[in-house]
Amino acid sequence: MSNQPSNKKVTLVLFHNDLRVADNATLLKAAALSSNGRLLLVYASSLTDRLKNKDSHTYHYDSLSHARKQFLFESLADLNASLMQLGNRLLYLPNSSATSDSFTQLSELIEQQYVTDICVSKTADYNQNQVYELLQKQYPQISWHVQTTATLFDELPLEHLPKSFTQFRKKIESNHDLLHAEKDSVICLTPKSLSPLPESMFNREGYFFKIDRSDTQVLNEHIQQQPNFKGGESSGLKHLKGYFDSDAPSTYKTTRNVLDDWTHSTKFSAWLANGSLSVNMVLNRLRRYERDIMANDSTYWIWFELLWREYFYWYAAAHQQKLFWLKGIAQHSPSTQFNQKRLAQWKHGQTPYSIVNACMHQLKSTGYMSNRGRQLVASCLVHELGLDWRYGATYFEQHLIDYDVASNWGNWQYLAGVGADPRGCRQFNLNKQTEQYDPNGEFIRKWQGEV
Ligand SMILES: Cc1cc2nc3c(=O)[nH]c(=O)nc-3n(C[C@H](O)[C@H](O)[C@H](O)COP(=O)(O)OP(=O)(O)OC[C@H]3O[C@@H](n4cnc5c(N)ncnc54)[C@H](O)[C@@H]3O)c2cc1C
């Protein structure tokens, strides 16, 4: 059944890295555009699969890990609940082989509903941007509205992206306005209500987001996920409050390298990655803590790490598909190769390095690994096992609940010596690292990493 064209606007929001209601400029824009019309709020799963075998990166996995899927479904369920409170609901386009792929379903929806405007959040994801370009070519009559929701800065606040993080940080920190920008006024803005769906959608239940049987199966499987990692804006905001109501921020710098403890680093990454938490809200909360409780090296270091995230975002935006190249942004290819057996040993935690095995078991069970752990297993893959770094990055993409295209591929390039590291090579001494970070072997025992 198709909607009759009318002179009213039909606005479509395509959610991607912005799964929240608060401080979401894309949703606000859509609410304003559709105030006199109709609104479609869509999440399309694996939209970029359409680009397979074209110029997307060819490293591939069959499906997301259970932990990643669970976190995503929880995030979508929470978003749907919030949108329903505002008078609309989430439409979900699965990428199922039984029906048509999500790109085809999205195209059908656009045509059947005579969409006039599409709202999306800016992303550094090269493949996602390719999909947007494809849609723009297919529907030149539609107006596109792109808002910034994922980063601290709306645009890169410098003329060029510096080659190293240190130069980037120094430039930002020398600009008082950038350093102290607080966006309280923006953050308060949450739409009070949303225009309804077009009437012809009311009986199209197939599109409504709900957790169906196969998803429930995922949720019921006994994933040893960290109990606190629950997807969704509500849990993200609760965690944000809990973290800054505790003493943890004041000791962050001394504890952040611990391999396995909930409070020793912020654990904001998973909510930040899919946008269920706004990075501006995190920064404002940090600044408030510094004003009202204390400001020290540790609170500075939280800012420092958020700036790393920001750097990799602009790095991915600048280098586009080079993010996935073996030689990265460097001029040389590393002398690594593909070896199925060694790759399987790394993935399954069966290398000659107990600390690496423990970290890999932790990742598989929980969907999370500490930053220190990620550095060690990446160094092992590249320098000890001599493998092509992109297989490691792809495995992380499949498993990390905080997977973010820019942070993941940017960090892997850095560690493989083909990215933004001025030193060019980061090989960790795994024995020394084990002595330093797991002196009593507790972590290795807990995650059964013994060789
Ligand atoms: C090989 C490798 C792959 C990685 N892949 C990802 C990824 O896919 N998604 C992701 O969010 N992070 C990634 N990181 C960065 C980092 O490991 C995680 O952000 C961090 O461990 C998440 O835990 P946390 O939230 O407690 O971090 P905290 O130590 O509390 O840091 C606070 C926030 O700063 C940001 N941050 C911290 N370190 C980095 C960093 N090195 N690069 C970019 N942002 C950072 C994150 O948003 C994080 O939530 C990767 C690091 C490595 C070495």
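## Re the pattern of salt bridges
In the structure shown here, the tally under the stated rule is 12 salt bridges. In this structure, the salt-bridge partner of Arg285 is Asp245, at a minimum N-O distance of 3.2 Å. A residue pair is termed long-range when its members are at least 10 positions apart, and Arg285 in helix H12 (residues 279-292) and Asp245 in helix H9 (residues 233-245) qualify at 40 residues. A residue is classified by how much of its surface remains accessible, and Arg285, at 15% relative accessible area, is buried. By relative accessible area, Asp245 is classed as partly exposed at 48%. Here Arg426 makes a salt bridge to Asp421, at a shortest N to O gap of 2.7 Å. Each of the salt bridges in this network shares a partner with another, and the network as a whole consists of Lys241, Asp245 and Arg285.

## Details of the domain arrangement of the protein chain
As far as domains go, the protein chain holds domain 1 (10-149), domain 2 (151-182 + 231-320) and domain 3 (325-446). Computed over C-alpha atoms only, the centres of domain 2 and domain 3 are separated by 23 Å. Facing 20 residues of domain 2, the contacting portion of domain 3 comprises 26 residues. Around 1,800 Å² of area is buried between domain 2 and domain 3 when both sides are counted, 61% of it from carbon and sulfur atoms. When the buried surface of domain 2 facing domain 3 is broken down by residue, Asn257, Leu259 and Phe312 rank first, second and third, together holding 39% of it. Across the salt bridge formed by Lys446 and Asp260, the nearest N and O atoms sit 2.9 Å from each other. Our count for the domain 2 to domain 3 interface comes out at 6 residue pairs in polar contact (both at pLDDT 80 or more). With 8 residues, helix H13 (residues 297-319) is the largest single contributor of residues to the side of domain 2 that touches domain 3. Per-class residue counts for the side of domain 2 that touches domain 3 are 10 nonpolar, 5 polar and 5 charged.

## Quick word on the packing of H12 against H13
Orientation of H12 relative to H13, taken along the N-to-C sense of each, is 165°, at an axis distance of 10 Å. Taken together, H12 and H13 sit at an angle that is classed as roughly antiparallel. The interaxial crossing formed by H12 with H13 has left-handed handedness. Contact with H12, carried on its side by Val279, Val282, Leu283, Leu286, Arg287, Tyr289 and Glu290, involves Thr299, Tyr300, Ile302, Trp303, Leu306 and Arg309 of H13 and no other residues of that element. Classifying every residue of the contact of H12 with H13 gives 9 nonpolar, 1 polar and 3 charged.

## Structural notes on helix H16 (residues 371-384)
In a regular helix each residue adds 1.5 Å, so 14 residues correspond to 20 Å; H16 covers 19 Å between its end C-alpha atoms and thus fits that length. Of all 14 residues in H16, 10 are buried; the element is thus mostly enclosed. All of the buried residues in H16 are Arg372, Gly373, Arg374, Leu376, Val377, Ala378, Ser379, Cys380, Leu381 and Val382. Contacts from the buried residues of H16 go to helix H14 (340-347), helix H15 (354-366), helix H17 (389-399), helix H18 (405-416) and helix H19 (430-437). A positive backbone phi angle near 65° is found at Gly386, which sits one or two residues after H16.

## Things to note about the site of the ligand
The environment of the ligand is formed by 26 residues, the closest being Tyr252, Ser265, Thr266, Lys267 and Asp402. Phe268 is positioned with one of its backbone polar atoms (N or O) 3.1 Å from an oxygen atom of the ligand. With respect to the ligand, the side chain of Asn411 contributes an N or O atom lying 3.0 Å from a nitrogen atom. Burial of the ligand by the surrounding chains reaches 97%, relative to a free accessible area of 820 Å². Mapped by element, the contributors of at least two residues to the shell around the ligand are helix H11 (269-273), H13, H16 and H18. A per-class count over the shell around the ligand returns 12 nonpolar, 8 polar and 6 charged. Composition of the shell around the ligand by domain shows at least three residues from each of domain 2 (151-182 + 231-320) and domain 3 (325-446).

## Re H18
Here H18 spans 16 Å end to end across 12 residues, near enough to the 16 Å set by a 1.5 Å rise per residue. Counting buried residues along H18, 10 of its 12 residues qualify, which places the element largely inside the surrounding structure. Taken together, the buried positions of H18 are occupied by Val405, Ala406, Asn408, Trp409, Gly410, Trp412, Gln413, Tyr414, Leu415 and Ala416. Packing partners of the buried residues in H18 comprise H13, H14, H16 and H17. Two residues or fewer after H18 comes Gly417, characterised by a positive phi angle close to 80°.

## Some details on the nonpolar core
Core analysis: the largest hydrophobic core is formed by 85 residues, its most contacted members being Phe168, Tyr311 and Trp346. Here this core gets 12 residues from one element, more than from any other, and that element is H13. With sequence-adjacent residues up to four places away left out, Trp346 is seen in contact with Thr351, Val356, Met360, Val377, Cys380, Leu381, Leu385, Gly392, Tyr395, Phe396 and Trp412. Among the nonpolar cores identified, the runner-up in size contains 27 residues, and Leu14, Phe103, Val131 and Ile142 belong to it.

Here is what the cut-offs are and how they apply
- Residues numbered from 1 in each chain as written.
- Predicted model: local features only at pLDDT ≥ 70, side-chain atom pairs only at ≥ 80, totals over all residues.
- Heavy atoms only, no water.
- Salt bridge = Lys/Arg side-chain N within 4 Å of Asp/Glu carboxyl O.
- Helix = DSSP H or I, 4+ residues; strand = E, 2+ residues; numbered from the N terminus.
- Buried < 20%, exposed > 50% of the residue type's maximum accessible area, 1.4 Å probe, protein only.
- Domains from an automatic or database assignment.
- Contact = heavy atoms within 4.5 Å.
- Buried area = accessible area lost by both parts, 1.4 Å probe.
- Polar contact = N/O pair within 3.5 Å; in protein donor to acceptor, adjacent residues only side chain to side chain.
- Nonpolar A, V, L, I, M, F, W, Y, C, P; charged D, E, K, R; others polar.
- Axes fitted to C-alpha atoms, helices over the stretch in contact; angles between N-to-C directions.
- Parallel < 35°, antiparallel > 145°, perpendicular 65-115°, else oblique.
- Left-handed = near helix turned anticlockwise from the far one by under 90°.
- Expected span 1.5 Å × (residues − 1).
- Near = heavy atom within 4 Å.
- Areas by Shrake-Rupley, 256 points an atom, 1.4 Å probe, with all protein chains shown as cover.
- Core = buried A, V, L, I, M, F, W, Y, C linked by side-chain atoms within 4.5 Å.

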